[in-house]
Amino acid sequence: MSKQPIGIFDSGVGGTSVFKEIEALLPNENTIYLADSANAPYGNKSAEDILKLSIKNTELLLSKNCKLIVVACNTATTNAITTLRASYNVPFIGIEPAIKPASLNSKTRAVGILATKGTLSSELFHNTTNLYKNDVQVIEQIGEGIVPLIEAGKTLSSDMRALLTTYLKPMIDANIDYLVLGCTHYPYLLPLLLDILPNHVKIIDSGEAVARQTKTILETQHIINTQPKSASHKFYTNGHTEVMHFLLNNKYVVEYLRF
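Because the structure is a prediction, the values reported are computed rather than measured.

### Details of the overall build of the chain
Next, step 1: Across its full length, the chain holds eleven helices and ten strands.
Next, step 2: At 18 Å, the chain has a C-alpha radius of gyration in line with the 18 Å of a compact globule built from 259 residues.
Next, step 3: Principal-axis analysis of the C-alpha atoms gives the chain an extent of 50 × 35 × 35 Å.
Next, step 4: The proportion of buried residues among the 259 residues of the chain is 52%.
Next, step 5: The long-range share in the chain, meaning contacts at least 24 apart out of those at least 6 apart in sequence, stands at 74%.
Next, step 6: As displayed, the chain offers around 11,600 Å² of accessible surface, 50% of which is attributable to carbon and sulfur atoms.
Next, step 7: Positive and negative side-chain charges in the chain, numbering 23 and 23 respectively, have mean positions lying 4 Å apart.

### Things to note about the packing of helix H1 (residues 16-25) against helix H10 (residues 207-220)
Between two packed helices, what matters for the description is the angle formed by their axes and the separation of those axes.
Next, step 1: Their axes nearest at 8 Å, the elements H1 and H10 cross at an angle of 45°. Put simply, H1 runs oblique to H10. In the crossing of H1 with H10, the sense of the turn from one axis to the other is right-handed. From H1, Val-18, Glu-21, Ile-22 and Leu-25 reach across to H10, where they touch Gly-207, Glu-208, Val-210, Ala-211, Arg-212, Thr-214 and Lys-215.
Next, step 2: Taken together, the residues that form the contact of H1 with H10 break down as five nonpolar, two polar and four charged.

### Here we look at the sheet that holds strand E5 (residues 110-115)
Adjacent strands of a sheet pair through backbone hydrogen bonds, lying either parallel or antiparallel.
Next, step 1: Read across the sheet, four strands follow the order E6-E5-E7-E8 without closing on themselves; strand pairing throughout is parallel. For this open sheet the edge positions go to strand E6 (137-142) and strand E8 (202-204), each flanked by a neighbour on one side alone. In this sheet, adjacent strand axes meet at a mean angle of 20° when their direction is disregarded.
Next, step 2: Across six bridges, the pairing between E5 and E6 is parallel. Its bridge partner lying in E6, Leu-114 is registered against Gln-141.

### Comments concerning the nonpolar core
Next, step 1: Core analysis: the biggest nonpolar cluster contains 50 residues, and Val-70, Ile-146, Leu-164 and Leu-179 have the highest contact counts within it.
Next, step 2: With five residues, the single largest contributor to this core is helix H8 (residues 158-173).
Next, step 3: Every residue in contact with Leu-164, bar those within four places of it in the chain, is listed here: Leu-114, Ile-146, Leu-189, Leu-192, Leu-193 and Ile-196.

### Some points on the pairing of strand E7 (residues 178-182)
Next, step 1: Where burial is concerned, most of E7 is hidden: five out of the five residues are buried.
Next, step 2: Two elements, E5 and E7, share five bridges in a ladder whose sense is parallel. Of the residues in E7, the one forming a bridge with Ile-113 is Val-180.
Next, step 3: In this view, the connection linking E7 to its parallel neighbour E8 by way of helix H9 (residues 190-196) has right-handed handedness.

### Describing helix H3 (residues 74-87)
Next, step 1: Taking 1.5 Å of rise per residue, the 14 residues of H3 would be expected to cover 20 Å, and the 19 Å separating its terminal C-alpha atoms lies within 8% of that figure.
Next, step 2: Its maximal kink placed at Ala-80, H3 deviates by approximately 65°.
Next, step 3: Within H3, burial applies to Asn-74, Thr-75, Ala-76, Thr-77, Thr-78, Ala-80, Ile-81 and Leu-84.

### Quick look at the pairing of E5
Next, step 1: The element E5 is largely enclosed, with a buried count of six among its six residues.
Next, step 2: Side chains of E5 alternate between two faces, with Ala-110, Gly-112 and Leu-114 and Val-111, Ile-113 and Ala-115 buried alike.

Reading the values: the criteria
Residues numbered from 1 in each chain as written. Predicted model: local features only at pLDDT ≥ 70, side-chain atom pairs only at ≥ 80, totals over all residues. Heavy atoms only, no water. Helix = DSSP H or I, 4+ residues; strand = E, 2+ residues; numbered from the N terminus. Rg over C-alpha atoms; globule rule 2.2 N^0.38 Å. Buried < 20%, exposed > 50% of the residue type's maximum accessible area, 1.4 Å probe, protein only. Contact = heavy atoms within 4.5 Å. Areas by Shrake-Rupley, 256 points an atom, 1.4 Å probe, with all protein chains shown as cover. Lys, Arg positive; Asp, Glu negative; His and termini not counted. Charge placed at Lys NZ, Arg CZ, Asp CG, Glu CD. Axes fitted to C-alpha atoms, helices over the stretch in contact; angles between N-to-C directions. Parallel < 35°, antiparallel > 145°, perpendicular 65-115°, else oblique. Left-handed = near helix turned anticlockwise from the far one by under 90°. Nonpolar A, V, L, I, M, F, W, Y, C, P; charged D, E, K, R; others polar. Pairing = 2+ DSSP bridges. Core = buried A, V, L, I, M, F, W, Y, C linked by side-chain atoms within 4.5 Å. Right-handed = clockwise from strand over helix to strand, strands pointing away. Expected span 1.5 Å × (residues − 1). Bend = angle between axes of the 7 residues up to and from the residue.

As far as function goes, none of this settles anything; it's purely spatial.
As structure tokens, this is what we get:
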């Protein structure tokens, strides 16, 4: 079973940021990545629709013999992972915005979070935020329009800069010292974010933590692949392949798959 692949799914290309962290930490692991770009973004959909899409993605990855599934989508995690874990007999790794480290380490007692509507409105997000925010002001901002621009290959465009400038202004005015990225698409915005934000603001995403948790679960379940060989990485999308090719630095084959 250890040779079976890790399955990873996202509403589109953003979860490739998580794949890169997993590949770096677990170089022996085979992976299958599923980009549901035809239905991106998930953030504006109802909880019922997000669950249906997450089940569809999960069952496709299980049909390809995945031993563990990483839900590389904040919106899908916060709306569907509890049901997925109760319904299928494989481990699931989810992604939550890193509110805890931001709140615990903030010196200005103000942190910003940029996320989708589906994440910010979820019960899981609110429970986590209420648990850790203490006396910290949390400035929430829905990243309306960001995911479609990334999916269209306009990650560092003037349109994206204009959106981010508008979204970040209230956070800068509140003197945040941490910005939490609550969507796996958003790490690809780092060049713009670093340019717009004051130098003292630290940016946190969950990719590295997800990779560490994946390793822990693989070891605990005794399904980690310890054989040093050339790992296989397969990428499927029901959208255009060009953007994913670009984000993966043209290192891998990306196949179109209708699902």
